[in-house]
Amino acid sequence: MVLVGSTATGKSTGAIDLALSYQTLGQPAEIINADSMLVYRGMDIGTAKPTHSERRGITHHLIDIQDINEEASVAQFQKLAREAISQCRDKSILPIVVGGSALYLHAVIDSVEFPPTDQEVRARLVEEMDVHGVEKMYQKLQKLSPQAAQGINPGNDRRIIRALEAIELTGEFTSTLPVWDYALDGVQLIGLDIDRDTMDARIAQRVEHMFEMGFTQEVRQLLDQGLRESPTASRAIGYRQVIAYLDGEITETQARELTIIKTRQFSRKQIAWWKRDPRITWVPYTTTTDELRAMIAQSSNPALIV
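Residues numbered from 1 in each chain as written. Predicted model: local features only at pLDDT ≥ 70, side-chain atom pairs only at ≥ 80, totals over all residues. Heavy atoms only, no water.

J.: I would appreciate a short explanation of helix α8 (residues 196-212) in the present structure.
T.: Since the α-helix turns once every 3.6 residues, residues separated by three or four places project in the same direction. Compared with the 24 Å implied by 1.5 Å per residue over 17 residues, the 24 Å span of α8 between its first and last C-alpha is a close match. Burial in α8 covers these residues: M199, D200, I203, A204, V207, M210 and F211. Each buried residue of α8 sits inside an arc of 135° when the element is viewed along its axis, so together they form one side. Opposite the buried face of α8, by more than 90 degrees, sit the exposed residues D197, Q205 and E212. If you check the start of α8, you find a side-chain oxygen 3.4 Å away from the backbone N of D197, and it comes from D195. A positive phi of about 105° marks G214, the residue just after α8. (Helix = DSSP H or I, 4+ residues; strand = E, 2+ residues; numbered from the N terminus. Expected span 1.5 Å × (residues − 1). Buried < 20%, exposed > 50% of the residue type's maximum accessible area, 1.4 Å probe, protein only. Arc of directions from axis to C-beta. Polar contact = N/O pair within 3.5 Å; in protein donor to acceptor, adjacent residues only side chain to side chain.)

Structural data, given as structure tokens:
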């Protein structure tokens, strides 16, 4: 099964509770992470990564599998997640996929294919962007593929490079995602619904707790390990704001406030994505584990394998 929802809805805790509940009934269960930032070692406080004690003995897959100087790849994540799901099923273990990274989750459960990559081509394009700037590269993309450029933010340098790389290798790049189409059998999608005011309050509480727990010190340590040079990790919400504070560009109070604002904006994007998916069964974020398990048991989904 798959548990989705916006930031601060309690997905991680809910998934662990559900896994433990199934285990008491004799059905082993493990969790497959689908959050793009939980893959990085050392990015703990700022990602609200469940600690080992919080995991309460439940095996978690795809957490702490990359160093921060490694670039995240949706295609690689797709491969690893599907392998983990397959391994669980082969052992009669229920895989519970949980996370808020919509693209990553979409790539795992749906029929999403990725164009090939070439390190030499990408390196040359990155060098070209360093020399000419993102605006010039976007203009280049517009000339090569107006349709692809239309679906990409002109300031999104990573997506622009990826599109140019794909066009050079294959002659085309599609910037829009395919329709919902399960690539896996036995998928049950459940979404945790939450009202905006409560979500905003919970986000603010989470961010304040992050800073109280030593988030700034975590970022300092990661900077020593190369966080600033990371093509993906350095862009994570909160980390970017704390880096700006440590660089003297903003105050710590401003870093906190900006982290709250950016997280709220991200949560709205998450909700907008999930609400477009008609396959999701929505339940209140306060739904108990027993209620959730009972709802799953009564599901009319013929593919449900729980």
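So that's the structure; there's more coming.
J.: What is the right way to look at the packing of aromatic side chains in this model?
T.: Any pair of aromatic rings gets described here by the distance separating the centres and the angle formed by the planes. The full count for this structure, using the stated rule, is 4 aromatic pairs. Relative to Y104, the ring of F77 lies with its centre 4.9 Å away and its plane at 65°, an arrangement referred to as edge-to-face. Placement of F77 in helix α2 (residues 74-90) and of Y104 in helix α3 (residues 102-109) is noted, with a sequence separation of 27 residues between them. Note on accessibility: F77 and Y104 belong to one class, buried. Taken together, a centroid distance of 4.9 Å and an interplanar angle of 90° make the contact between F215 and Y239 edge-to-face. (Phe/Tyr/Trp six-rings, centres within 6.5 Å; stacked < 30°, edge-to-face > 60°.)

J.: How should I be thinking about the pattern of salt bridges in this particular structure?
T.: When their charged atoms lie close together, side chains carrying opposite charge are able to pair. The final tally for this structure, using the stated rule, is 18 salt bridges. Among the salt bridges present, the one from R268 reaches D200, with a minimum N-O distance of 2.9 Å. Of the two residues, R268 sits in helix α11 (residues 252-275) while D200 sits in helix α8, which places them 68 residues apart along the sequence. Assessed through its relative accessible area of 13%, D200 is described here as buried. Residue R256 is joined to E208 by a salt bridge in which the shortest nitrogen-to-oxygen separation is 2.7 Å. Taken together, the positions of R256 in helix α11 and E208 in helix α8 put the pair 48 residues apart, joining distant regions of the chain. Salt bridges sharing common partners tie together D44, K49 and D64. (Salt bridge = Lys/Arg side-chain N within 4 Å of Asp/Glu carboxyl O.)

Interpretation note: all reported values are geometric properties and have no functional meaning in isolation.
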